[in-house]
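Tertiary structure, described
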Amino acid sequence: MSYTVGIVGATGAVGQEIRNVLETRDFPVERLRIFGSARSAGSTVATKYGDVTVELFDVAAAKQCDVVFLAVSGDFSLEHARHLTQGDDATVCIDNSSAFRYEADVPLVVPEINGAETKKSKLIANPNCTTAIALMALWPLHQLFGLKKVIMSTYQAASGAGQPGMDELTQGTQAYLNGEAVENNIFAHPLPFNVIPQIDKFQSNGYTKEEMKVTWETRKICGLPDDFPLSCTAVRIPTIRAHSESIVVETERPVDVAAARQALAQAPGVKLVDNTEQLEYPMPQTATGQYDVEVGRLRKSIVYGDYGLELFVCGDQLLRGAALNAVLVAEEMVTNGSLQAKKTA
Ligand SMILES: NC(=O)c1ccc[n+]([C@@H]2O[C@H](COP(=O)([O-])OP(=O)(O)OC[C@H]3O[C@@H](n4cnc5c(N)ncnc54)[C@H](OP(=O)(O)O)[C@@H]3O)[C@@H](O)[C@H]2O)c1
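Criteria and thresholds
- Residues numbered from 1 in each chain as written.
- Predicted model: local features only at pLDDT ≥ 70, side-chain atom pairs only at ≥ 80, totals over all residues.
- Near = placed C-beta within 6 Å.
- Helix = DSSP H or I, 4+ residues; strand = E, 2+ residues; numbered from the N terminus.
- Nonpolar A, V, L, I, M, F, W, Y, C, P; charged D, E, K, R; others polar.
- Domains from an automatic or database assignment.
- Pairing = 2+ DSSP bridges.
- Axes fitted to C-alpha atoms, helices over the stretch in contact; angles between N-to-C directions.
- Contact = placed C-beta atoms within 7 Å.

Let us now look at the site of the ligand. Every one of the 30 residues lining the ligand counts as a neighbour, but G9, G12, G36, S40 and G162 are closest to it. Listed by contribution, the elements that provide at least two residues to the shell around the ligand are helix 1 (13–24), strand 2 (29–36), helix 3 (74–85), helix 6 (162–177) and helix 10 (319–335). Within the shell around the ligand, the residues separate by chemical class into twelve nonpolar, 17 polar and one charged. In terms of domain composition, the shell around the ligand takes at least three residues from each of domain 1 (3–127 + 323–335) and domain 2 (131–318).

A separate point is the sheet that holds strand 13 (residues 293–300). Hydrogen bonding along the main chain pairs the strands of a sheet, whether they run parallel or antiparallel. The strand order across the open sheet formed by six strands is 10-9-11-14-13-12, and the pairing between neighbours is mixed. Lying at the two open borders of the sheet, with one neighbouring strand each, are strand 10 (230–236) and strand 12 (270–272). Here the average twist between neighbouring strands, direction ignored, is 20°. Sheet analysis places strand 9 (residues 147–156) next to strand 10, joined by seven bridges and oriented parallel. Residue pairing for strand 10: M152 is matched across the bridge by C232. Strands in contact with helix 8 (residues 257–266) are strand 12, strand 13 and strand 14 (308–315); relative to strand 13, the strand with the most contacts, it is inclined by about 175°.

Attention now moves to the domain arrangement of the chain. A common way to report how large an interface is uses the accessible area buried once the components associate. Examined at the domain level, the chain breaks down into domain 1 (3–127 + 323–335) and domain 2 (131–318). Here the C-alpha centre of domain 2 lies 25 Å away from the C-alpha centre of domain 1. On the domain 2 side, the residues contacting the 16 residues of domain 1 number 17 residues. Those elements giving two or more residues to the side of domain 1 that touches domain 2 turn out to be helix 1, helix 4 (111–114) and helix 10.

Written out as structure tokens, the structure reads:
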């Protein structure tokens with residue numbers, strides 16, 4: 001069976017990667033339709049399935065697809081996603097924004113962890129990129145030792161703010177090197193040669209929304225209690241792509257570093273890069289463009305002793321944290337029968 005697939009926002013950072021992942025993973029695409037705003041409508045995108053003309057987004061037209069990937073803003077998803085997934089002509093919708101991640105009736109899915117949730121709804125939320133990357137390492141460790149507490153610090157690339165974020169970093173870097181003023185419209189401060197300990201808005205508890213997303217989403221995806229202790233400090237750094245994360249876990253059961261290494265080496269979606277003698281560890285430059293999340297710097301924690309592990313994780317957030325996860329969700333729905341080709345499509 002093959003499907004009519006729609007991508008909304010295919011000219012953006014995530015949308016472009018969704019198209020690439022569909023192509024490289026040979027997702028069974030009968031027809032690809034690309035929707036955008038008036039800015040890109042009418043332009044042509046060269047794809048494996050032939051040249052595709054970008055259509056101005058329209059709910060009725062998008063509902064002719066069997067599955068629609070949304071890679072626009074949260075406000076856009078709030079306005080349109082429920083209309084796409086309701087009614088006799090409802091379509092499956094996989095949303096990359098944060099709009100529905102905390103809604104009880106909308107599964108928040110990392111297929112390697114809770115893929116079966118996709119059977120429950122036509123609207124599926126894709127997790128925050130930082131969360132998805134961390135969970136590739138945290139889930140196998142949870143199975144092995146039981147997570148008790150998690151503390152994370154992140155080093156997040158400019159592309160986390162989409163194509164405009166990448167443009168602001170590259171143009172700002174050129175300006176900085178030319179001795180010119182560096183403009184910042186996307187980031188709170190100039191990013192070139194800087195680090196910014198703020199991603200998204202500050203909340204009343206002093207954490208940012210990005211930081212709280214990691215806490216809220218980890219609990220929901222892993223089925224952990226609502227008060228499971230996980231804290232995050234999210235920092236923007238002047239790299240283009242792939243987020244890095246320093247993670248410290250306290251465990252329920254004593255850790256065995258060799259067993260942790262073995263479990264991570266076998267875990268789906270993980271590439272163990274942990275050979276300090278050869279100076280091999282996860283880095284954005286090696287993780288960029290890779291489906292697997294790099295995990296390394298594994299060591300018993302000198303804070304938590306036998307009940308603690310420290311690690312460093314690096315993953316391509318446009319892939320694992322967005323496009324790849326979204327396509328894996330669709331593949332899971334093909335496998336479990338939740339995604340069907342419409343007779344009229
Ligand atoms: N960047 C990341 O690392 C990342 C990771 C996980 C999740 N996300 C989420 O994924 C979503 C997309 O992020 P992004 O980084 O790809 O953003 P982006 O690079 O700024 O791209 C935004 C896309 O939205 C389209 N768009 C804007 N207004 C539209 C409208 N009214 N109708 C149809 N299309 C419209 C744009 O198309 P036009 O050119 O036609 O305007 C563009 O293709 C966001 O919700 C973001 O939070 C991003």
